[in-house]
Every structure is written in C-alpha cells, then in structure tokens.
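Results of the structural survey
Listed here are the chains, written in short residue letters.
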Amino acid sequence: MSEERAAALNGKGRNAMFWTPLFLAWLIALLATSGALFLGEVMGKTPCMLCWYQRIAMFPLVLVLGVGLFTSDVRSARYALPLAGVGWGVAAYHLLVFWGVVSERLVPCGQGSSCADADVQVAGVVPIPLLSLAAFTGILVALCVARGMARGSARGEEA
Amino acid sequence: MNKKWIVLGTVVAVVVAFAAGVTVFTSRSNQEVKQAVQTNSDALVRPHSPIFGNPAARVTIVEFLDPSCETCRAFYPIVKRMVNASFGQVRLVVRYAPLHQGSDTAVKILEAARLQGKYWEALERAMATQPQWAAHDRPQPEILWDLIGDIGLDTAKAKADANGPAIDQLLRQDVADMQALKVNRTPGFFVNGTPLREFGEAQLKALVDQEMKKVGSP
C-alpha cells in the first residue's frame, strides 16, 4: 500500500470529499441527541426501555463522528456504523410496537412509561420512534456515502 | 482548520438553540400552571383537607402529597419545621396526589385515622415506615394497619371508614384538583396560590418568605 493511498484512506488526502456526508451524519446525530435530551429532561417525558436502547446507540455517535470530523478521519464512519445499525434495528422494532404490529407483551418494558404509549409522540402527531428511525436511516446513508467517496478518491489517487 | 470551526460552530449553535428552547418551554409551562391556578383557584384548598398549623394563618402552603413518594417523605420534616417556626403565620394544607400504585389505599388509611383524631400520628408513622410498605414494584399499603397499630385506633371502625364513600369522595376530589392544577410530580407546592416552579428546599423557603412579605408583617 502506497503512503498516498493510506493517507487518502485516513482522509488526510487533499480532497477529503467524504467530510461533508460525515458532517451530515454527525449533524443528524447531534440534533437527535439534543432532541432526545429536550424531550426527556426539559419536557419531562420518561424514556421507555426501547428509547433507552436507541439513546445508547445515538449519543456516542456524536462523539465518535465528532472526533472523526476533527481529525478528518473517514475511519470513524466504520466505528459509527455498528452503533447506527443497532440503533436502526431498535427504532424499527419500537415503531412496530408503537403501531401495534408487535404485541407489547414481548417488549421488556418495566414499570414507568410504556413503549406503545400514545405519549410517545411529538406535538401529538409524529411518533418519536419514527423520528428516531428516520435519523438512524439518514446517518447510515450518510456514512455509506462518506465511505464510498473515500474509496473513490483513494482509487482516483492511485490511478 | 476551517472544518474544525464548522464543527465547533455547529455545536455552539445547537447548544444555544437548546438553551433557547428550555427558556421558551419553561416560561410557557409556568404560564400554563399560573393560568390553571387562576381559573381553578377554588381547587387549591377544599374544606375537607387536613390543616397543619394555625388555621387562620395568612400564608398557606398547599402540598400535593403522595404517601409513597420518597421526596415527600424527605420534605415532610422540612415543611413541618417551616410551619412551626412561623409563629402561626404559615399553615400547611395537605392534598393528595396518589401517583404511585397503592398510594390510594394508603391515603384512605390515613383519612380513616383522621376521623379518629389521629391523622398526624398516622401520617408521621406512614412516612417513617415508607420503605417497608411503599416499594414501588411491590407496594403493600395494607401492612400500614399493623405499622400504625399502636397509635390507638379503633381498627375495626377505621377499616370500615377507609372503604366508605366519604373518604372515596375526598380522594376523587383531590385527584380531580391535582389534574386541574396540572400537578404531575410530588410534592407539588403552592404558596398562597403561587406554584413552586423550581423545586428545592431553598426555593420553597424563598417563596414562603416572598408571600410573607406580600401579606405584610404583623
């Protein structure tokens, strides 16, 4: 592997095209994190069990991708992808529970707030799990685009 | 270098937006509670409620209390001390906010004790023994009967009273008032009708002092 190619893979290359989609993924995670904190800490909605698992996947993305952006390191996308994937899965499951496709008895909801509760909505219209699923989807797509661009530019520099 | 500033700038922007959201949301919900109090001012104090301290006191602390709530337990001696230290200027009106499972049964037991003039003894005993009977995953309010057994109740009469219609009606009224006044956490305090918005012992004392000044010194 030439030094140039390694540098390009790390994103130290001059044309770090991947930075913009990486930034978008980070921005989505940042907005989702602050939104979740606002709902929980300011509006006083108690997060249900499934919400917690989504938070566990979402919050670290801000830090992992944030460090990646700071050092222009596209490899951060690789570390972020498993988190985003797990979060996507939990959000999709949560949405099925919310829509009643999956019975809530199967869900590990303890006492406190119910994951299928109608209270799991913003402004009474948009279900929070749908927002979460949209955010994780956006992050996954942006991360894949970033990786694709980094590979593309690496190949370009090699040629 | 430039990109780092983009990241930092975004973080700052989101933090500022968050703080602005907090300000807007709290002022709006404060307004809502104030409005709820204004339109439901008779819901604050009902003639059926227990009163601690001088009934003619000029400052009234209304406390929406849940006998199973740990923070209510922690606040009980604080509020009691405030009333006792006020030389008859402050009174406490106890309302019920049975937000936990089993709290309604506990309230009924306390009210049954009140009919026999043993309310404060029963309440203090219930608070002291709260960890025994009020575990949130497995509440056992019925064992309160044993725990307050030595305060001198006619237990047979008290048990009949606890399940009677009068106490049931009282509890329903308190729950309705709790909802009308938008109390969703306990203890919920109102001092002369002003809701305590930022929770804490110092904040409650400040609110009482403020209302005391409003009504003037004796």
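Scroll up a little and you will see the structure.
Report on the accompanying structure.

Rules used throughout
- Going along each chain's sequence as written, the residues are numbered from 1 onward.
- Here every chain gets a letter starting at A, and every ligand a number starting at 1, in the order they are written.
- Two thresholds apply to this predicted model, a pLDDT of at least 70 for residue-level local features and 80 or more for giving and counting side-chain atom pairs, whereas whole-chain, interface and lining totals are computed over all residues.
- Computation of side-chain values: all heavy atoms of the structure, hydrogens and water removed.
- Any two strands with at least two DSSP bridges between them are considered paired.
- The secondary structure listing takes helices from DSSP runs of H or I that are at least 4 residues long and strands from runs of E that are at least 2 residues long, numbered from the N terminus.
- Throughout, a residue-residue contact means that at least one pair of heavy atoms, one from each residue, lies within 4.5 Å.
- Here the quantity called buried area is the total loss of accessible area, with a 1.4 Å probe, experienced by two parts when brought into contact, counted for both.
- Any N or O atom pair separated by 3.5 Å or less is treated as a polar contact, with the protein-specific requirement of one donor-capable and one acceptor-capable atom, and with residues adjacent in sequence counted only for side-chain atom pairs.
- By definition here, a helix of n residues has an expected span of 1.5 Å times n minus one.
- Under the pairing criterion, centres of Phe, Tyr and Trp rings, with the six-membered ring standing for Trp, must be within 6.5 Å; the plane angle then separates stacked pairs below 30 degrees from edge-to-face pairs above 60, leaving the rest tilted.
- Burial status follows relative accessibility: with a 1.4 Å probe on protein chains alone, a residue under 20% of its type maximum counts as buried, one over 50% as exposed, and anything between as partly exposed.
- Within this document, salt bridges are pairs made up of a side-chain nitrogen of Lys or Arg and a carboxyl oxygen of Asp or Glu, the two lying within 4 Å of each other.
- Cysteine sulfur atoms are paired as a disulfide whenever they fall within 2.5 Å.
- Joining through side-chain atoms within 4.5 Å is the link that ties buried Ala, Val, Leu, Ile, Met, Phe, Trp, Tyr and Cys residues into a set, and such a set is a nonpolar core.

Structural notes on the sheet that holds strand β3 (residues 90-96) of chain B
Residues and elements named next belong to chain B.
- Here five strands make up an open sheet; going across it, the order is β1-β3-β2-β4-β5 and the pairing mixed. Single-partner strands in this sheet number two, and they are β1 (51-52) and β5 (194-195).
- Of the pairings in the sheet, the one linking strand β2 (residues 59-65) to β3 comprises seven bridges and is parallel in character. Paired with I61 across the strands is L92, a residue of β3.

Looking at the interface of chain B and chain A
- Facing 14 residues of chain B, the contacting portion of chain A comprises 17 residues.
- Both sides of the chain B and chain A interface together cover about 1400 Å² of buried area, and 84% of this is carbon and sulfur.
- Here chain B and chain A share zero residue pairs in polar contact (both at pLDDT 80 or more) between them.

Considering helix α2 (residues 19-42) of chain A
- With 24 residues, α2(A) should cover 34 Å at 1.5 Å per step; its first-to-last C-alpha distance of 33 Å lies within 8% of that length.
- Looking one or two places after α2(A), you find G44(A), whose phi comes out positive at around 75 degrees.

Concerning the packing of aromatic side chains
- The full count for this structure, using the stated rule, is 10 aromatic pairs over all chains.
- Aromatic side chains F38(A) and F18(B) sit 5.6 Å apart centroid to centroid with 85 degrees between the ring planes, which places their arrangement in the edge-to-face category. Taken together, the residues F38(A) in helix α2 and F18(B) in helix α1 (residues 2-39) connect one chain to another.
- Centroid distance F38(A) to F25(B): 6.0 Å. Interplanar angle 80 degrees. Geometry classified as edge-to-face. With one member in each of two chains, F38(A) in helix α2 and F25(B) in helix α1 form a pair that bridges those chains.
- Aromatic ring contacts, followed pair by pair, group W19(A), F23(A) and W26(A) into a single cluster.

So, unusual backbone geometry
- Residue P187(B) is bonded to the preceding T186(B) through a cis peptide linkage, with omega at -10 degrees.
- The topology assignment puts P187(B) in the loop between α8 (165-180) and β4 (188-191).
- Phi is positive for S72(A), close to 50 degrees, though the residue is something other than glycine.
- By secondary structure assignment, the location of S72(A) is in the loop between α3 (49-70) and α4 (75-98).
- Note on S72(A): relative accessible area 17%, which makes it buried.
- Despite not being glycine, N192(B) has its phi angle at roughly 45 degrees, a positive value.
- N192(B) sits in the partly exposed class, given a relative accessible area of 30%.

Points about the pattern of salt bridges
Residues and elements named next belong to chain B.
- All chains considered together, the criterion is met by 12 salt bridges over all chains.
- Across the pair D161 and K157 runs a salt bridge, and its minimum N-O distance is 2.7 Å. Taken as a pair, D161 and K157 lie in helix α7 (residues 155-162) at a separation of four residues, close to a single helical turn.
- Salt bridges sharing common partners tie together R46, R95, D174 and D177.

Quick look at the state of the cysteines
Residues and elements named next belong to chain B.
- Inspection of the entire model under this criterion finds zero disulfides over all chains.
- We note that C69 lacks a disulfide partner, and the nearest cysteine sulfur, in C72, lies 3.1 Å from it.
- Residue classification places C69 among the buried positions, given a relative accessible area of 4%.

Describing the nonpolar core
- Within the largest apolar cluster, 46 residues are counted, with the highest numbers of intra-cluster contacts made by I61(B), L144(B), W145(B) and L204(B).
- Among the elements that line this core, the one with the most residues is helix α2 (residues 70-84) of chain B, at seven residues.
- If sequence neighbours within four positions are ignored, W145(B) has contacts with I109(B), A112(B), L153(B), T155(B), A158(B), K159(B) and A162(B).
- Of all hydrophobic cores here, the second largest spans 32 residues; its members include A29(A), L30(A), A146(A) and A150(A).

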